[in-house]
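Coordinates in review
Below, each chain spelled out in residue letters.
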Amino acid sequence: MKIRSATIIIIAFAFCIKVHAGNGSSAAGRTESDTVKSEILSEAVVTGTRTPADIRHLPMTVTTIDRAEIEYSNTPSLLPLLTEYVPGLFSTSRGIMGYGVSDGSAGNISIRGLSGGNGRVMVLIDGHPQYMGMFGHPISDSYQSLMAERVEVLRGPASVLYGSNAMGGVVNIVTRSPGEDGIRTNVNIGYGSFNTLQSEGTVRIHKKGFSSVISGSYNRTDGHRSDMGFEQYGGYAKIGYEISGNWKIRGDLNATHFNASNPGAVSAPLADADQSVTRGMTSLAIENEYQKTSGALSIFYNWGQHRINDGYIPSQSQTPKDYLFNSTDDMMGISVYQSARLFRGNRITAGADWYRFGGKAWNSYITGDRKGEREDIVGQVQHEIAAYLDFRQNIGTWMTVDAGLRIDHHSHVGTEWVPQAGISFHLPHSIEMKLSAGKGFRFPLIREMFMWGAANPDLRPERMWNYELSFSQKILDGQVSYGVNVFYIDGDNMIMTVRDESGRQQNVNSGSVHNAGLEAVFAWRLARRWAVDANYSFLHMKEPVIAAPEHKLYIGVRFSHGRWALSTGAQYINGLYTSAGENPEQEEFALWNAQASFRILEWLSVWIKGDNLLDWEYEINEGFPMPGITVSGGINVSF
């Protein structure tokens, strides 16, 4: 019954779009990859090359979301936008706000069935890796909207440029820029269901070569279940100076602290499952840009402190834990690259990376006979050093050839060679066709090699190949753009936890992955007032993978006139595994969201939004029902 209902909803919604489209239109304002872009999106990206490059000349599939779309969403976290706008990408959620860490957490990012929770998708901030040093996974509550000028998502392996953990793709958060000369201030405050408060303030300054961006935020919610509160403080600062017309320097600092509670599955509610987490990032970069060459040298440092009570289940007569899990982790890195045009139509980029990462974990006893004692779990530091070369050549105006190679050495595991190659055809009638093949890999994580009973220090790297063919076109003088790509992933040496003959669990390189799929995008810019966009992805997996839906569809419409801006969107998810194993569970749901804003004065506007307006009952994390209809509203001040 739910399948039939969801199908009817989507068909009806699509019909409404066509009715509106007949009246006139505008920029879609939302994603797409390769050349499929809406009016507010830039054709130049940095994620696939390290230097700005025309997206048409890259063999990879890249989706971009810019600052205008981020601001319009009025969402503190970037992940909900990515889930809607990027085909092939899905992120888990468990409530109205906050993802948390440890058991029961959400915020897992998967691309084409490869999970960031297992270190197979990398999040970058300005090209610098961001993940928990020992566990290797992204910390999703750190990726706030306040810091992002735009987000670029590369679907498929990016290991040539970014190394381990980028085997399935990367999410690159490009930080805020100061904009035009002068001082600009923006404050956005909202309040909504379940006593949810979101607030953000930003001041941008650009004068005589000096620029700065300073942002701060405070977000909180009671949650839609008992013991599901979330509170977060965040701040971001960036300072830059133009030394000359060819050289500039910049530094930034990002920090967030959040307190989260895990209520447990509804069948076995938890008590005292509380988390206190602090994450930070800082970097310093010197950049050069000349007519025929450009590059950068950057140093970055990430750190985290986690204090976690995993809680207990009173209904099962469990008692409070007498210890807390503690961990500190960090990651330091130096990256250098230089890109040059040696002759007409050519671009060659050479670079090197050095990473140092690791941390310590321990239990601290707070009650009982061992009160005050510390039980060490692990203390590990590892290094990774790499060099890479990427070559791109235009052949006339109709073809671009790209090839890259990386050699990456891990202090514990050894050396890995990573190649990739692609070709792009620029055909008449604004047609783009691309064919690519690339290797992705992941070194085993500290957790997998050295933590807890299944640890195995002899693990080898995971490896995969991604083969992809894409087609895109713009028609009607660029008013309509569409694209489709198909891919096949062949991976082996995947790390799994299995039982040996004695019954002991151990991590081993015995898994494989064979995923295939299709991704499609559509954008229709109708006149100045209307915009329509849509994306769809189909994923076929040989083995069930949690948090990777088989079908994902999004359709959005936006209308603006005078002081008004209105938008609505529907998302349909089918074949989403919430559990695997002997008795796998799947979810299907359709979400309808809507939003409106009205500009009262030049410097003051108000907004209101509603999510899950169909009041659909569904789960993304098993045992964690999502909230029904939620409503929020607020004000936006800019001067």
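These figures come from a predicted structure and were not determined experimentally.

**Digging into the pairing of strand β21 (residues 399-410)**
- The pairing of strand β20 (residues 374-395) with β21 spans 12 bridges and is classified as antiparallel. In the sheet register, I395 faces β21, and the bridge partner there is M399.
- Pairing geometry for β21 and strand β22 (residues 414-427), over 12 bridges, is antiparallel. Residue pairing in the sheet places R406 in a bridge with V418 of β22.
- Counting the residues that bridge the hairpin from β21 to β22 gives three residues.

**A look at a nonpolar patch on the surface**
- A surface patch of nonpolar side chains, about 670 Å² in accessible area, is lined by F210, I239, Y241, I243, W247, I286 and Y290.
- On the secondary structure map, Y290 appears in the loop between β16 (274-289) and β17 (293-308).

**As for the side chain of D66**
- Note on placement: D66 falls in strand β3 (residues 61-66).
- No salt bridge forms around the buried D66; measuring N to O, its nearest opposite-charge neighbour R558 is 7.7 Å away.
- Within the local environment of D66, its side chain forms a polar contact with the backbone nitrogen of A68, the two atoms lying 3.2 Å apart.

**A look at the packing of aromatic side chains**
- Enumeration according to the criterion identifies 17 aromatic pairs in this entry.
- Their ring planes at 55 degrees and their centres at 5.8 Å tell us that Y323 and Y365 sit as a pair that is tilted. Taken as a pair, Y323 in strand β18 (residues 323-340) and Y365 in strand β19 (residues 346-365) lie far apart in primary sequence, 42 residues in all.
- Taking the relative accessible area as the measure of exposure, Y365 reaches 10% and is therefore buried.
- Aromatic ring contacts, followed pair by pair, group F135, F325 and W452 into a single cluster.
- The lysine or arginine in question, R112, covers the ring of F487, its NZ or CZ lying 4.2 Å from the ring centre.

**Notes on the environment of F325**
- Positionally, F325 belongs in strand β18.
- Counting along the chain gives 15 residues from F325 to D310, while the straight-line C-alpha distance between them is 7.9 Å.
- Look past the residues within four positions of F325 in its chain and what remains in contact with it is F135, H306, R307, I308, A361, W362, N363, I377 and W452.

**Points about the confidence of the model for the protein chain**
- The predicted model of the protein chain averages 91 in pLDDT, with 93% of residues at 70 or higher.
- Every residue in residues 1-42 is under pLDDT 50, and counting partners more than four places away or in other chains gives 123 contacts.

**Thoughts on the sheet that holds strand β10 (residues 169-175)**
- Strand order across the open sheet formed by five strands is β3-β9-β10-β7-β8, with mixed pairing between neighbours. At either margin of the open sheet sits one strand with a lone partner, and together these are β3 and β8 (128-130). For this sheet, the mean inter-axis angle between neighbouring strands, taken without regard to orientation, is 25 degrees.
- Bridge analysis of strand β7 (residues 122-125) against β10 gives four bridges, and the strand direction is parallel. Each residue of the ladder has a partner; that of M122, found in β10, is V170.

**Quick notes on the environment of Q291**
- Relative to the helices and strands, Q291 resides in the loop between β16 and β17.
- A sequence separation of 45 residues divides Q291 from N246, and the C-alpha atoms of the two residues are 9.2 Å apart.

**Notes on the nonpolar core**
- Counting residues in each nonpolar core, the largest one holds 38 residues, and the members touching the most others are M122, M134, Y162, V170 and F258.
- Contributions of two or more residues to this core are made by β7, α4 (159-162), β15 (247-261), β17, β18, β19 and β20.
- What F258 contacts, discounting residues up to four positions off in sequence, is G100, V101, I139, D141, F230, E231, Q232, Q275, S276 and V277.
- Core analysis: the next-biggest nonpolar cluster, separate from the first, contains 26 residues, L79, Y85, A148 and Y554 among them.

**Overview of the sheet that holds strand β4 (residues 89-91)**
- Strand order in the open sheet formed by three strands is β4-β5-β6, with antiparallel pairing between adjacent strands. Because the sheet does not close on itself, it has two edges, and the strands there are β4 and β6 (114-115).
- Pairing geometry for β4 and strand β5 (residues 109-111), over three bridges, is antiparallel. Bridge pairing links S91 to I109 in β5.

**Regarding the pairing of β20**
- Pairing geometry for β19 and β20, over 19 bridges, is antiparallel. Along β20, the bridge assignment pairs R356 with H383.
- Between β20 and the antiparallel strand that follows it, β21, lie three residues; G396 among them carries a positive phi value of about 65 degrees.

**Details of the pattern of salt bridges**
- What the rule picks out here adds up to 28 salt bridges.
- Residues E519 and R155 are paired through a salt bridge, measuring 3.0 Å at the closest nitrogen-oxygen approach. One end of the pair, E519, is in strand β26 (residues 505-526); the other, R155, is in strand β9 (residues 148-155), with 364 residues separating them in the sequence.
- Take R155: its relative accessible area is 2%, and that puts it in the buried class.
- Across the salt bridge formed by K248 and E287, the nearest N and O atoms sit 4.0 Å from each other. One end of the pair, K248, is in strand β15; the other, E287, is in strand β16, with 39 residues separating them in the sequence.
- Given a relative accessible area of 19%, E287 falls into the buried group.
- A single network of salt bridges, built from pairs that share partners, joins R120, R442, R447, E448 and E462.

**Thoughts on the side chain of S537**
- For S537, the location among the structural elements is in strand β27 (residues 530-541).
- Owing to a relative accessible area of 6%, S537 belongs among the buried residues under this scheme.
- Side-chain polar atoms of S537 contact the backbone nitrogen of G88, separated by 3.2 Å.
- In contact with S537, other than residues within four places in its own chain, are P87, G88, L518, E519, E550, H551 and K552.

About the thresholds
Residues numbered from 1 in each chain as written. Predicted model: local features only at pLDDT ≥ 70, side-chain atom pairs only at ≥ 80, totals over all residues. Heavy atoms only, no water. Pairing = 2+ DSSP bridges. Helix = DSSP H or I, 4+ residues; strand = E, 2+ residues; numbered from the N terminus. Patch = residues over 30% accessible without salt bridge, like charges linked within 9 Å, V, L, I, M, F, W, Y side chains within 5 Å. Areas by Shrake-Rupley, 256 points an atom, 1.4 Å probe, with all protein chains shown as cover. Salt bridge = Lys/Arg side-chain N within 4 Å of Asp/Glu carboxyl O. Buried < 20%, exposed > 50% of the residue type's maximum accessible area, 1.4 Å probe, protein only. Lys, Arg positive; Asp, Glu negative; His and termini not counted. Polar contact = N/O pair within 3.5 Å; in protein donor to acceptor, adjacent residues only side chain to side chain. Phe/Tyr/Trp six-rings, centres within 6.5 Å; stacked < 30°, edge-to-face > 60°. Lys NZ or Arg CZ within 6 Å of the ring centre and 35° of its normal. Contact = heavy atoms within 4.5 Å. pLDDT = per-residue confidence, 0-100. Axes fitted to C-alpha atoms, helices over the stretch in contact; angles between N-to-C directions. Core = buried A, V, L, I, M, F, W, Y, C linked by side-chain atoms within 4.5 Å.

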